[in-house]
Amino acid sequence: MSVLELATEYTQAGLSVIPLRLDGSKGPADWLLPRLCDSRTQKESASWKPFQYRIAEQCELDTWFSIPKSGLAISSNAGIGLVCGAISGGLEVIDFDDGSLLNPWYSLVHHIAAKLPIVETPSGGWHVLYRCNEIGGNVKIACDPDREKQTLIETRGEGGYIVAEGSPCETHATGLPYCQAFGPLLPTVPRITPIERRELWAAARSFDRRGEAFKKKLIAKQTRQSQRIATDVNPVIAAFCDRTSWDSILTRHGWTTRDGECWTRPGKTYGVSARVVIADDGEQLLTVFSGNAGPLSPDGSHRTWNKFDAWAALDFNGNNREAFLKARSEAAVC
């Protein structure tokens, strides 16, 4: 499989990707990224930040990951970076800088970790990938102040990214590949519950060597900074979502599907434009990763919809109040 095909698979699985340099630095390939103007300095600079809020279009993937015309012995213009956070369905990664800690950590949480994809990094570390409705930022979970390289285990969450398995070897300074060793094959990334996530973090935190007082302070900070992707909803909206199928919402507007899970936007006859995912509470959500999905991709952006919000966007031009009144009247009739 080519790098372009792999990057396309990642995006079709609802994961945001960015192009990375092939100089071993693992940094973003600035020359391929959009340029943004800093409101304070009024200077333009390349940035991967837009892809924290939208998933790249196929034309962008074609540019980033096509085989270079220079004749160099590399398989792509760039490596693949997986953007963590809400845009990728709540993707969070536990990054073991000290690879020797994976096995003892795994033994503490094997009932959860056994169902997650685990990738060995070229430097002997490990990436453990999962999705969750509760995510944080980039956090150093375990450190040892007495070591030269103090960080033992950290996370990549909102505002972070990792090198994707399958990237060209030139992405890492060693010239070695990222190789998946355990778990379901990527790009499948299972969703875990917030309770399971806390178990994974607690097990990782048990290797921290910064003292109990520091650990308590760190736990409090992490709790404050964690964010919920899913929110509580009004009973009328909850009832609407329970009794309404995605088929009844989407097909009237030209969306098509073969299995009820993968959907193709209006105007296309093939390809996956959106996918139904199951949240921790059992709610069926629609993750749209086409920038041409009409009302479900406003301004070309990508997002995850519950049934009520999608219905309001499609049938009421985004007027949630009108949609709510209609849902309430239908509930009263029922």
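Residues numbered from 1 in each chain as written. Predicted model: local features only at pLDDT ≥ 70, side-chain atom pairs only at ≥ 80, totals over all residues. Heavy atoms only, no water.

**Focus: the nonpolar core**
Right, on to step 1. Within the largest apolar cluster, 36 residues are counted, with the highest numbers of intra-cluster contacts made by Y10, W64, F65, I80, L82 and L129.
Right, on to step 2. Broken down by element, the residue count for this core peaks at four residues, all from helix α1 (residues 3–12).
Right, on to step 3. Excluding residues within four positions of it along the chain, L129 makes contact with L82, L91, E92, V93, L116, P117, V119, I162, L186 and V189. (Core = buried A, V, L, I, M, F, W, Y, C linked by side-chain atoms within 4.5 Å. Buried < 20%, exposed > 50% of the residue type's maximum accessible area, 1.4 Å probe, protein only. Helix = DSSP H or I, 4+ residues; strand = E, 2+ residues; numbered from the N terminus. Contact = heavy atoms within 4.5 Å.)

**Section: the sheet that holds strand β16 (residues 262–264)**
Right, on to step 1. Pairing is antiparallel across the open sheet formed by five strands, whose spatial order is β15-β16-β17-β18-β19. This sheet does not close on itself; its edge strands, each paired only once, are β15 (256–257) and β19 (303–305).
Right, on to step 2. The pairing of strand β17 (residues 274–278) with strand β18 (residues 284–288) spans five bridges and is antiparallel. For R275, the partnering residue across the bridge sits in β18 and is T287. (Pairing = 2+ DSSP bridges.)

**Here's the deal with the packing of α1 against helix α2 (residues 58–65)**
Right, on to step 1. Running from N to C, α1 and α2 point in directions that differ by 145 degrees, and their axes come no closer than 9 Å. Classified by chirality, the crossing of α2 by α1 is right-handed. Facing V3, L4, A7, T8 and T11 of α1, the residues of α2 in contact are Q58, L61, D62 and F65.
Right, on to step 2. Of the residues in the contact of α1 with α2, the class split is five nonpolar, three polar and one charged. (Axes fitted to C-alpha atoms, helices over the stretch in contact; angles between N-to-C directions. Left-handed = near helix turned anticlockwise from the far one by under 90°. Nonpolar A, V, L, I, M, F, W, Y, C, P; charged D, E, K, R; others polar.)

**A few points about the packing of aromatic side chains**
Right, on to step 1. Evaluation of the coordinates by the stated rule reveals nine aromatic pairs.
Right, on to step 2. Taking 4.9 Å as the distance between ring centres and 80 degrees as the angle between the ring planes, the aromatic pair formed by W311 and F316 counts as edge-to-face.
Right, on to step 3. Classification of W311 by relative accessible area gives buried; the value is 7%.
Right, on to step 4. Stacked on the ring of W201, the Lys or Arg R197 has its end atom at 4.5 Å from the ring centre.
Right, on to step 5. Seen from the ring of Y270, K268 lies directly overhead, with NZ or CZ sitting 5.6 Å from the centre. (Phe/Tyr/Trp six-rings, centres within 6.5 Å; stacked < 30°, edge-to-face > 60°. Lys NZ or Arg CZ within 6 Å of the ring centre and 35° of its normal.)

**Quick look at the packing of helix α7 (residues 235–243) against helix α9 (residues 307–315)**
Right, on to step 1. For the pair α7 and α9, the least separation of the axes is 8 Å and the interaxial angle reads 90 degrees. Taken together, α7 and α9 sit at an angle that is classed as roughly perpendicular. On α9, the residues that touch I237, F240 and C241 of α7 are K307, F308 and W311.
Right, on to step 2. Considered class by class, the residues forming the contact of α7 with α9 number five nonpolar, no polar and one charged. (Parallel < 35°, antiparallel > 145°, perpendicular 65-115°, else oblique.)

**What to know about the environment of A13**
Right, on to step 1. Tracing the sequence through the fold places A13 in the loop between α1 and β1 (17–20).
Right, on to step 2. When the C-alpha atoms of A13 and G89 are compared, they prove to be 9.5 Å apart, with 76 residues separating the residues in sequence.
Right, on to step 3. Ignoring anything within four residues of it in the chain, the contact list for A13 reads R131, P187 and R275.

**Notes on α9**
Right, on to step 1. Among the nine residues of α9, seven are classified as buried, and the element is accordingly described as predominantly covered.
Right, on to step 2. Looking at α9, one finds that the buried residues are K307, F308, A310, W311, A312, A313 and L314.
Right, on to step 3. The backbone nitrogen of F308 has a side-chain oxygen 3.2 Å away, supplied by the residue at the start of α9, namely N306.
Right, on to step 4. Positive phi shows up at N317, right after α9, with a value of about 55 degrees. (Polar contact = N/O pair within 3.5 Å; in protein donor to acceptor, adjacent residues only side chain to side chain.)

**Regarding the pairing of strand β4 (residues 79–83)**
Right, on to step 1. Most of β4 sits inside the fold, with five of its five residues counted as buried.
Right, on to step 2. Residues G79, G81 and V83 point to one face of β4 and I80 and L82 to the other, with burial holding for every one of them.
Right, on to step 3. Sheet topology places β1 next to β4; four bridges connect them, and they run antiparallel. What sits directly across from V17, in β4, is L82.

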